[in-house]
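Working through the structure, step by step
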Amino acid sequence: MRLNSFSIRKPKKIFLQTLLVEGGEAKSVIVVPDEERYWEVANYVNERLNEMVGVSLKVFKSGEAFEEALKSLNIIAVGNIMNNRVIADLYSLYYAFSDGFFPGLNGFELRTIHDPWGDGRNVVLIGSRNVEGARKGAEELIKSLKFREEGTVYVDKIIRVALGEDVKKIVPAEVMKPTERLIQRIEEKAVEAMETEAHGNLAPYIALAGFLYYLSGSDKYAELFKRLIYLYESYYRGPITS
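Heads up: these notes are all about the structure in this document. Model, not experiment: these values are computed from the prediction. (Residues numbered from 1 in each chain as written. Predicted model: local features only at pLDDT ≥ 70, side-chain atom pairs only at ≥ 80, totals over all residues. Heavy atoms only, no water.)

1. Some remarks on the pairing of strand 4 (residues 58-61)
To be explicit about the condition: Only strands joined by at least two bridges in the DSSP assignment are considered to pair. Under the scheme used here, helices are H or I runs from DSSP no shorter than 4 residues and strands are E runs no shorter than 2 residues, and both carry numbers assigned from the N terminus. A crossover gets the label right-handed when its path from the first strand over the helix to the second runs clockwise, viewed with the strands pointing away from the viewer.
Examined bridge by bridge, strand 3 (residues 28-32) and strand 4 share four bridges and lie parallel to one another. Paired with Val32 across the two strands is Lys61, which belongs to strand 4. The parallel pair strand 3 and strand 4, bridged by helix 1 (residues 39-53), forms a crossover whose chirality is right-handed.

2. Re the sheet that holds strand 1 (residues 18-22)
Taking strand neighbours across the sheet as the criterion, the four strands line up as 2-1-9-8 in an open arrangement whose pairing is antiparallel. At either margin of the open sheet sits one strand with a lone partner, and together these are strand 2 (25-26) and strand 8 (146-147).

3. Some words on the sheet that holds strand 6 (residues 108-113)
Strands pair in a sheet through their backbones, by hydrogen bonds, and they do so in one of two ways: parallel or antiparallel. Which entries qualify depends on this criterion: Geometry is summarised by axes, namely lines fitted to C-alpha atoms with helices restricted to the contacting stretch, and by angles between N-to-C directions that run from 0 to 180 degrees. The contact criterion used is simple: two residues touch if any of their non-hydrogen atoms lie within 4.5 Å.
Read across the sheet, six strands follow the order 4-3-5-7-6-10 without closing on themselves; strand pairing throughout is mixed. Only two strands of the sheet have a single neighbouring strand rather than two, namely strand 4 and strand 10 (159-162). In this sheet, adjacent strand axes meet at a mean angle of 15° when their direction is disregarded. Helix 3 (residues 131-144) contacts strand 5 (74-79), strand 6, strand 7 (123-127) and strand 10 of the sheet and is inclined by roughly 45° relative to strand 6.

4. Considerations on the environment of Gly217
As for its position among the elements, Gly217 is in the loop between helix 7 (203-216) and helix 8 (219-237). Note: C-alpha distance between Gly217 and His199 (18 residues apart in sequence) is 28 Å. Ignoring sequence-local partners within four residues, the contact set of Gly217 consists of Ile159 and Leu212.

5. Let's talk about the pattern of salt bridges
Rule in force here: The rule for a salt bridge is simple: a side-chain nitrogen of Lys or Arg has to be within 4 Å of a carboxyl oxygen of Asp or Glu. For every residue, the accessible area obtained with a 1.4 Å probe (protein chains only) is divided by the maximum for its type, and the residue is called buried under 20%, exposed over 50%, and partly exposed between those limits.
Tallied over the full model, the rule gives 21 salt bridges. We note a salt bridge from Asp119 to Arg121, for which the minimum N-O separation is 2.9 Å. Judged by relative accessible area, which is 41%, Asp119 ranks as partly exposed. Residue Glu165 pairs with Lys168 through a salt bridge whose shortest N-O separation is 3.3 Å. On the criterion of helical spacing, the pair formed by Glu165 and Lys168 is a turn pair, its members being three residues apart in helix 4 (residues 165-168). The exposed category is assigned to Glu165, whose relative accessible area is 54%. One network of salt bridges, in which partners are shared, links Arg37, Glu40, Glu132 and Arg135.

6. With respect to the side chain of Ser216
Stated precisely, the cut-off is as follows: Side-chain atoms alone can form a polar contact between residues adjacent in sequence; in general such a contact is a pair of N or O atoms within 3.5 Å, and within protein one must be able to donate a hydrogen while the other accepts it.
With respect to the element layout, Ser216 can be found in helix 7. Only 3.1 Å separates the side chain of Ser216 from the backbone nitrogen of Ser218, close enough to count as a polar contact. If sequence neighbours within four positions are ignored, Ser216 has contacts with Val175, Met176 and Tyr221.

7. Overview of helix 1
To keep it simple, the criterion reads: Every helix has an expected span of 1.5 Å times one less than the residues it contains. Arc, as used here, means the arc of the directions from the helix axis to the C-beta atoms.
An ideal rise of 1.5 Å per residue puts 21 Å on 15 residues; helix 1 measures up with 21 Å between its terminal C-alpha atoms. By the burial criterion, the buried members of helix 1 are Val41, Ala42, Val45, Asn46, Arg48, Leu49 and Val53. Looking straight down helix 1, one finds that the buried residues subtend no more than 160° of arc, so they occupy a single side. Looking at the residues trailing helix 1, positive phi occurs at Gly54, about 70°.

8. With respect to the layout of surface pockets
Definition in use: Site definitions follow a grid-based scheme: protein atoms alone, a 1 Å grid, a 1.4 Å probe that fits but cannot get out for cavities, and for pockets an open set with protein on both sides within 12 Å along at least five of seven lines, plus lining residues having an atom within 4 Å of a point. Grid points are joined across faces, edges and corners, and a volume is the space filled by probe spheres set on the points.
In this model, the largest pocket occupies a volume close to 1000 Å³. For the largest pocket, the lining is made up of 27 residues, of which Tyr95, His114, Ile159, Tyr213 and Phe225 are closest to its centre. Elements represented by at least two residues in the lining of the largest pocket include exactly strand 6, helix 7 and helix 8. At seven residues, the largest contribution of residues to the lining of the largest pocket is made by helix 8.

9. So, a nonpolar patch on the surface
The condition that has to hold: A patch consists of residues whose relative accessible area exceeds 30% and which take part in no salt bridge; residues with like charges are grouped when within 9 Å of each other, and nonpolar side chains (Val, Leu, Ile, Met, Phe, Trp, Tyr) when within 5 Å. The protein chains shown are the only cover counted for residues, whose accessible areas, like all others here, come from Shrake-Rupley with a 1.4 Å probe.
A surface patch of nonpolar side chains, about 290 Å² in accessible area, is lined by Phe225, Ile229 and Tyr230. Here Tyr230 is to be found in helix 8.

Here it is, written out as structure tokens:
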């Protein structure tokens, strides 16, 4: 049995650039955990922005009532689901995975999350298990800043993950920098599951490709994800055999 198909009439608008400052006006805020040490991370970002364009971003603690102030602004969210409720919300929507384990002790994930709430706002995630990892993520963010006209600072799409040593012991290096052979093995397993109509069919492999893209930022996984999605569509449109 297959679900009824439906047509998508137009693609979702994408927001690949995340404005921090535009024309000398702040277009983002920073939300940090309540722990005082995380203010150092926000201060570092603001000090660098001040040096560049003479603008600082407003900083909120996770425990503050900041929703009204964030309605039209992008967010730089620092920490993980256990200490930052912005990240907890994104975690529940499968946009962010930083928690008490990932990305590991002193590691970080720096990524842009595009329009997660459907209102045109983006999030720059500096995901970390501890303050030391957040500092490293903030330094990487500053290196990634770009400039347009005078007084405008933004970041393009970015996924950079530096695993902590504890997580590196669990996640093979080949997963973070996949070889063509690894991609081929996953794809072969996926096709086998489709051809034998195994439980789940292609779905587990599509999910795996998407997750590994999130984890590593490697475009090889993104391309694999696309190929498997198109293959699944082709299978879906074919005759029912069982």
